[in-house]
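Residue-level structural notes
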Amino acid sequence: MKMVLALLVSGVVVALVVVGLFVFGLRRRLIQRSGGTFDCSLRWNAPGPEAEPEPSGKGWVYGVARYNGDRIEWFRVFSYAPRPRRLLERASIEVLERRTPKGEEELALLSDAVVLACLHSGTRLELAMSEDALTGFLAWLEAAPPGQRVNVA
């Protein structure tokens, strides 16, 4: 009897894990369905270069970003939320610098990541993405409608 109960509990746990992984995959498929997505880690309220000369790997969150008109919708990868966690308006983004990951950041980010330090409505943030995604992101920033200011360093 105890063996049957243990097998039943184990089966339920495995089923829940499989369902959870399936929902993660389905959510990502739905986010990517409209196209214009790229892998993008984000560090919100990032410290400035004067605060820490050797950046730590703390604060980075892995996510997926999606272009949607004049804004970028950023979703956490490890979340079930159907809505984006952050919205970045094109007109509010000011690029400060571009750099390679340093120190512990190399362990926290994907291997081919480039870090882009930005200001968004006065909040310092850092985005980490592949070189190809960065090229697309900078092109999107510069493709602002006429009369809209663009701040790309």
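Residues numbered from 1 in each chain as written. Predicted model: local features only at pLDDT ≥ 70, side-chain atom pairs only at ≥ 80, totals over all residues. Heavy atoms only, no water.

Of the strand pairs in this sheet, strand 1 (residues 37-39) and strand 3 (residues 63-68) are connected by three bridges, and their pairing is antiparallel. If you follow D39 over to strand 3, its bridge partner there is V64. Taking the residues that link successive antiparallel strands as the turn, the strand 3-strand 4 (residues 71-76) hairpin has two residues, and the phi of G69 there is positive, at about 65 degrees. (Pairing = 2+ DSSP bridges. Helix = DSSP H or I, 4+ residues; strand = E, 2+ residues; numbered from the N terminus.)

Attention now goes to unusual backbone geometry. Negative phi is the rule for most residues except glycine; trans is the rule for most peptide bonds. Even without being glycine, N45 reaches a positive phi, approximately 55 degrees. Topologically, N45 is positioned in the loop between strand 2 (41-44) and strand 3. Looking at N45, the relative accessible area reads 56%, which means it is exposed. Look at S121: it is not a glycine, yet its phi comes out positive at around 50 degrees. Residue placement: S121 occurs in the loop between strand 7 (114-120) and strand 8 (123-129). (Buried < 20%, exposed > 50% of the residue type's maximum accessible area, 1.4 Å probe, protein only.)

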